[in-house]
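Here are the chains, one letter per residue:
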Amino acid sequence: MFSSRRYFASAVAVKLRPYQESCLEACKNALQAGETRIGVSLPTGAGKTTVFISLLAQISPPSHSPSTSRSLIIVNSIELARQAAAQAAIQFPQWRVEIEQGVKHKASGNADVTVATYQTLLQPQRLAKFHPGNLKAVIVDEAHHAAAPSYRRILAHFDPAIRSPDATFQPPQLSRPIPIIGFSATFGRHDGLALGSVFQKIVYHRDFLEMIKEQWLCDVRFTSVKANIDLRNVTVNSKTGDFNATSLAHIINTDTVNNLVVQAWLDRARQRQSTLVFCVNIAHIRALTKAFQDFGVDARYLHSGTPAAERHALVTAFKAGEYPVLVNCAILTEGADIPNVDCVIVARPTRSRNVFAQMIGRGMRQSPSTGKVNCHIIDFVDSTNRVAGVVSTPTLFGLDPEELIDDQSVETLEARARAQIASGEQAPVDSRDDIPDPKYITYVDYQNPFALVNGCSGAPHVTKLSTNAWVGCGEDIYILECLGKGYIRIERVAADEENPTHYRATFTEATMHMPSAKAFKVSPFMRKRLIMTAETLGDAIRGCDTYAAQKVLRGSLALGLLRTAKWRKVSASDNQKNFIQKRRVKRALDQDAAAATLQNITKGEAANIITRLKHGAKAHYEKKAREAKKIFQLAEKERQRKERETVQVGPLVDHEAR
C-alpha cells in the first residue's frame, strides 16, 4: 500500500468544479485503500479529460526515478487522442506530451504523457514501448469498451489480474500494481461483457440529469414527435439487446419518416445554429441528408468510412457555423467535442439508455461564446404500436410515451412525473419496466397432466356444463372416458371460408380390452365416428352426455360417468399407479406433482391423469411450459441487460471469475 504523501503529488493549480474535486478525492481515496483498477462515470460535457489529466498530476511515481513518472492514456480514436494531448499541454505546458497512433504519430515511449489509440497498441512492437515498470498510471478513456477482448489484450500487459484473451500470453512480473483508471460517460455495457473483468469498482458517478439541474451542463429543451412507425418486427441483437441496424433501417429509412424528421426540424428548430442528427446506418444518413437538402437546408454527413482529413474538415466547418445540419451514424456518439451543438435529433430508436444518453449528450456542453442558451432534443416515438424497451424522452423521465412533450425543460418534465405519482395514477410503462421483472414471473399451470385434480381438470368451466367426469386435455380438447366402452372426444374447429368456429364431437368405440389388444398387436378401438357438430361448447357437451346415456352406457351404467361416482373415490389400483409413475416428468416444473405421494391417490384422480396422458395433454403441457420458460428467460435477459446499463458507485462483478 502506498502512503498518501509518497503516492500523491501536491495539488495542481487548475480551477476545478466542485464535483471534479470530489471525483479526484474519490479516486485518491480508492488508490490509497489499495484499489488499483477503478472506474469513474461522468456524463458528456462534465470535463472527464480535465479530471483525468489533473489526477495524473496528483499521482506520484513509486520512486524518484524519472523513468517511473510516465503515464499512458488509451483512447479509441485519433480525435480523442488529439483532444487529450491538447488538454494536457494546456494544463501542464511543462509536460512532454506525445501521441502514438498509426503511421504519422510514433511516440518515443519516454514522454511524461503519451496518448495512444488502442488500435495502434494492438501491434506488439508499439505496445512494447510502454514497459509497465516505467509507468505510474494508465488512463482508459471511453472505458465502457475496456471489457472487449481487444482492450483486455492491451491492459493485461499492465496488470496480471486482467486476463488476456490470448491463451499463450505471459502475464508481466511486476513489483508493484500500476493504477488503471477508466473514465466514461456511459460506464455500463449492454452486450454482456462484464466490466468487472477489468475494473474492481466504480468510485464516482454523476448522472447527466443531475448535472443539468445543477447547471454544470447547458439547459435542455425536449420535444417528442409521434411518428407513424411500427417497430414490432424489427429484430433485436441477441448480444447488445438493441435493434439490429439493417432491420431498423427498413422501417426508419423511408421517404415518409425522413420528410417527417425534416419537417419537425423546420417547425421546431429552424432557428438553431448547429443541429447534430443521429441515423441508423450509412444508407439512412445519405437519404436523410438529401431530404434536408431537398427542403433547401445545407446539410452534410459523415460516417466511419469518411476519410480522416475530410471528417476533420467537416467537423471544423460545423464548429465554425458554416452550415447548420450535420448528419451521422455511430461515429459522433463518442468523443465528439462540439460545444456549439444546440439541437440534437435522434432519428434512430434505441433500446439502450446508454446509447440514448450518448446521443443527446453531444448537445449538453456549455458554450456561452457561441451564444448558445440551451440545446433542443428532438426524438421520435412510434405511434402505432408501443414496443417494449424503447428509450425516448418520455420514458427517460418516467412518463408515458403517449405524453405530449413539446419544448419542455428538465424541471417541467420531472414535475409532471411527480404530479402523476402524487395523483395516484397508474405508473406509466417506463423503458426499464416494459419487460416484467422476472422476480414476479411464475409458471402458469397449463393443464398439467400430473395434477391430482378430480373432475374436469384444466377446464373448470366444463363442470358447470355437465355432471359427468369430462377431462380437459388442453387446446380445447375434452375427453369423456366411457368405462372401457371407448371414449367421446370434443374438439374446437377453427373457422374457415365456409364454416364459422364450431365444436366437433366423435365417439371411438373399444372392441377389446387393452391387454388382449397388446397380445394380438392390434388397436383396441374401432374407427371414430362423428356424433355431432355444435356452435358452442355447451351444446356439444349436452349432446354428448345424451349420446353416452342412450348409445354407450344405458340405464344405471351411465351413473358411472358422473364425477361423484362411488368408484372414483376408492384408492387407485396398482396398475394405475404404475402407469402414472413411469410417465411422471422429473423436472423442476413438476415439483408440486412429484411431491404428492401416489399412496393416497384415488381411482378418479388416477383416471383423470391417465386420460390426459393418453390424449396429448402431456405434450401440450410441456409445450406451454417451454413457452413459459422461454418468456422467463427473455425477461431475465432483458432485466440483466438493463441492469448492466445502470451505473452506481461500488464494486464491479467479474462474472468470468465466478
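What you see is a predicted model; the values in this text were computed from it and never measured.

Enquirer: Requested: an account of unusual backbone geometry, with residues and values cited.
Expert: Negative phi values dominate among residues other than glycine, just as trans dominates among peptide bonds. The phi dihedral of Ala330 is positive, around 70°, even though this residue is not glycine. Look at Ala330 and you get exposed, because its relative accessible area is 55%. Look at Asp407: it is not a glycine, yet its phi comes out positive at around 55°. Here Asp407 shows up in the loop between α14 (393-396) and β14 (408-409). Since its relative accessible area comes to 37%, Asp407 is described here as partly exposed.

Enquirer: Provide a residue-level description of the pairing of strand β5 (residues 135-141), including the pertinent values.
Expert: Extensive coverage of β5 is indicated by the burial of 7 of its 7 residues. Two elements, strand β2 (residues 70-75) and β5, share 5 bridges in a ladder whose sense is parallel. Bridging across to β5, Ser71 finds its partner in Ala137. Each parallel crossover has a hand, and the one from β5 via helix α7 (residues 149-155) to strand β6 (residues 180-184) is right-handed.

Enquirer: Got a sec to walk through the sheet that holds strand β15 (residues 471-472)? Specific residues and values, please.
Expert: Hydrogen bonds along the backbone pair up the strands of a sheet, which may run parallel or antiparallel. Pairing in this open sheet of 5 strands is antiparallel, and the strands run β15-β16-β17-β18-β19 from one edge to the other. The two strands at the open ends of the sheet, each matched to only one other strand, are β15 and β19 (529-534). Inspection of the sheet shows strand β16 (residues 477-481) paired to strand β17 (residues 486-493) by 5 bridges, in the antiparallel sense. Looking at the pairing, Tyr478 lines up with Ile490 of β17.

Enquirer: Kindly report on the sheet that holds strand β10 (residues 299-302), identifying the contributing residues and their values.
Expert: Spatial ordering of the open sheet is given by β10-β11-β9-β12-β13-β8-β14, a layout of 7 strands whose pairing is mixed. What marks the edges here is a single partner per strand, and that holds for β10 and β14. Along the sheet, helix α12 (residues 308-319) contacts β9 (275-278), β10 and β11 (325-328); its crossing angle with β10, the most-contacted strand, is approximately 140°.

Enquirer: Give me the side chain of Arg362: which residues, what numbers.
Expert: Here Arg362 is to be found in the loop between α13 (353-361) and β13 (374-382). For the buried Arg362, no salt bridge exists, and the shortest N-O distance to an oppositely charged side chain is 5.4 Å, to Glu142. A distance of 2.9 Å separates a polar atom in the side chain of Arg362 from a polar atom in the side chain of Thr44.

Enquirer: Break down the packing of helix α18 (residues 574-583) against helix α20 (residues 603-614) for me, with residues and values.
Expert: Taken N-terminus to C-terminus, the directions of α18 and α20 make an angle of 45°; their axes are 10 Å apart at the nearest point. Comparing their axes, α20 and α18 come out oblique. Crossing handedness for the pair α18 and α20: left-handed. For the pair formed by α18 and α20, the contact residues are Gln576, Phe579, Ile580 and Arg583 on the first element and Lys603, Ala606, Ala607, Ile609, Ile610, Leu613 and Lys614 on the second. For the contact of α18 with α20, the per-class residue count stands at 7 nonpolar, 1 polar and 3 charged.

Enquirer: Residues and numbers for helix α10 (residues 255-268), please.
Expert: In this model α10 runs 20 Å from its N-terminal to its C-terminal C-alpha over 14 residues, within 8% of the 20 Å that 1.5 Å per residue would give. Within α10, the full set of buried residues consists of Val257, Asn258, Val261, Val262, Ala264, Trp265 and Leu266.

Enquirer: How would you sum up a positive patch on the surface? Please name residues and give values.
Expert: Residues Lys518, Lys582, Arg583 and Lys614 make up a contiguous surface patch of positive charge. When you line up the elements, Arg583 lands in helix α18. For Arg583, a relative accessible area of 35% gives the class partly exposed.

Enquirer: Tell me about the confidence of the model for the protein chain, residues and numbers included.
Expert: Looking at the protein chain as a whole, its pLDDT mean stands at 81, while 83% of the residues score no less than 70. Counting contacts from residues 452-458, a segment whose pLDDT is below 50, to residues more than four positions away or on other chains yields 24 contacts. Low pLDDT, under 50, characterises residues 585-595; the predicted model gives this stretch 15 contacts beyond four residues in sequence or across chains.

Enquirer: Before we move on, could you go through the pattern of salt bridges and cite the residues and values that matter?
Expert: The full count for this structure, using the stated rule, is 21 salt bridges. Salt-bridge contacts for Lys290 lead to Asp294; the nearest nitrogen and oxygen are separated by 3.1 Å. Here Lys290 pairs with Asp294, and both are found in helix α11 (residues 282-294), just 4 residues apart, close to one helical turn. Judged by relative accessible area, which is 54%, Asp294 ranks as exposed. Each of Glu100, Arg126 and Lys129 takes part in one network of salt bridges that share partners.

Enquirer: I'd like a rundown of the packing of aromatic side chains, residues and numbers included.
Expert: Counted according to the given criterion, the structure contains 7 aromatic pairs. Between Trp265 and Phe292, the ring centres sit 5.8 Å apart and the planes meet at 80°, which makes this aromatic pair edge-to-face. Taken together, the residues Trp265 in helix α10 and Phe292 in helix α11 connect sequence positions 27 residues apart. Under the relative-accessibility criterion, Trp265 is labelled buried at 3%. On the basis of an interplanar angle of 40° and a centroid distance of 5.4 Å, the ring pair of Phe318 and Tyr323 is categorised as tilted.

Conventions and cut-offs
Residues numbered from 1 in each chain as written. Predicted model: local features only at pLDDT ≥ 70, side-chain atom pairs only at ≥ 80, totals over all residues. Heavy atoms only, no water. Buried < 20%, exposed > 50% of the residue type's maximum accessible area, 1.4 Å probe, protein only. Helix = DSSP H or I, 4+ residues; strand = E, 2+ residues; numbered from the N terminus. Pairing = 2+ DSSP bridges. Right-handed = clockwise from strand over helix to strand, strands pointing away. Contact = heavy atoms within 4.5 Å. Axes fitted to C-alpha atoms, helices over the stretch in contact; angles between N-to-C directions. Lys, Arg positive; Asp, Glu negative; His and termini not counted. Salt bridge = Lys/Arg side-chain N within 4 Å of Asp/Glu carboxyl O. Polar contact = N/O pair within 3.5 Å; in protein donor to acceptor, adjacent residues only side chain to side chain. Parallel < 35°, antiparallel > 145°, perpendicular 65-115°, else oblique. Left-handed = near helix turned anticlockwise from the far one by under 90°. Nonpolar A, V, L, I, M, F, W, Y, C, P; charged D, E, K, R; others polar. Expected span 1.5 Å × (residues − 1). Patch = residues over 30% accessible without salt bridge, like charges linked within 9 Å, V, L, I, M, F, W, Y side chains within 5 Å. Areas by Shrake-Rupley, 256 points an atom, 1.4 Å probe, with all protein chains shown as cover. Charge placed at Lys NZ, Arg CZ, Asp CG, Glu CD. pLDDT = per-residue confidence, 0-100. Phe/Tyr/Trp six-rings, centres within 6.5 Å; stacked < 30°, edge-to-face > 60°.

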